[in-house]
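Working through the structure, step by step
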Amino acid sequence: MKKIVILISGRGSNMQALLEAKLPCKIAAVISNRADAQGLQIAQAQGISTATVAHKDYADRASFDAALAAEIDRHAPDVVVLAGFMRILTDGFVERYRGKLVNIHPSLLPSYAGTHTHERALQDGVKIHGCTVHFVTPTLDGGPIIIQAAVAVLSNDTPDSLSARVLHEEHRIYAQAVRWLCREQVWLNEDGRVASNRLEQPGPALVFPGLS
Ligand code: GRF
């Protein structure tokens, strides 16, 4: 059975969704860069091994990333899942886990890389927003896309209301993406593109506002 390690920094709702998804893998550990991350308690309550590698204890990114990699590698994971992990990783770290490191981002990439995605989407007046699971490469939020989910942006949305609807979809698509990875149904090929041996099932198109 494949092994995964999940990295978090805070609330851990995506991590929790993965714990509840009955994935075909062993969740070997949850690691945080903050000792007070709420998600650590959720993982501990479910008997998952947890650890903190506090970025504040390290002089620079390279030494933090080396310590983080050492903690991850104790578990020899097949997949390393960033779930609200709020540190930018060095190129060396990202290359070390090429094809094994995935992230969830709260926008339809390549739109709205970076932070404050919901505020920026509302400011721009887009009608459709969403979330993306992607392999991590040295380009921030720029790696090959595995799966996306789209939600309608309502005229009375606030960043909080929009974020809540997107988060609901994050929990669904992250579990799906990790399930595919654990079953070797999706992988990163030598050309740096996402490959898959599963049948594609097109869902219904989202048109918003709806046609009348
Ligand atoms: C999520 O919106 C995720 O997309 C972003 O940070 C948030 C983390 O939430 N990268 P949680 O810790 O999983 O609840």
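Quick note: structure is the one above.
All values derive from a computational prediction rather than experimental measurement.

Turning our attention to the state of the cysteines. Applying the stated criterion across every chain yields a total of 0 disulfides. As a non-bridged cysteine, Cys25 has Cys182 as the owner of its nearest cysteine sulfur, 3.6 Å distant. Classification of Cys25 by relative accessible area gives buried; the value is 9%. There is no disulfide at Cys131, and the cysteine sulfur nearest it, in Cys182, is 19 Å away. Judged by relative accessible area, Cys131 falls into the buried class, the value being 0%.

Let us now look at helix α3 (residues 61-73). In this model, α3 (13 residues) spans 18 Å end to end at C-alpha, consistent with the 18 Å of a helix rising 1.5 Å per residue. Along α3, the positions that sit buried rather than exposed are Phe64, Asp65, Ala67, Leu68, Ala69, Glu71 and Ile72. On its buried face, α3 sits against β1 (2-8), β2 (25-32), β3 (50-52), β4 (79-82) and α4 (91-96).

All chains considered together, the criterion is met by 6 salt bridges. A salt bridge links Lys2 to Glu184; the nearest nitrogen and oxygen atoms lie 2.4 Å apart. Pair noted here: Lys2 is in strand β1 and Glu184 is in the loop between α6 (159-182) and β8 (186-188), with a separation of 182 residues, a long-range link. Note on Glu184: relative accessible area 46%, which makes it partly exposed. Between Asp36 and Arg34 there is a salt bridge; the shortest N-O distance is 3.2 Å. On the accessibility criterion, Asp36 (54% relative accessible area) is exposed. Look at Arg34 and you get partly exposed, because its relative accessible area is 38%.

What counts, and where the lines are drawn
Residues numbered from 1 in each chain as written. Predicted model: local features only at pLDDT ≥ 70, side-chain atom pairs only at ≥ 80, totals over all residues. Heavy atoms only, no water. Disulfide = S-S within 2.5 Å. Buried < 20%, exposed > 50% of the residue type's maximum accessible area, 1.4 Å probe, protein only. Helix = DSSP H or I, 4+ residues; strand = E, 2+ residues; numbered from the N terminus. Expected span 1.5 Å × (residues − 1). Contact = heavy atoms within 4.5 Å. Salt bridge = Lys/Arg side-chain N within 4 Å of Asp/Glu carboxyl O.

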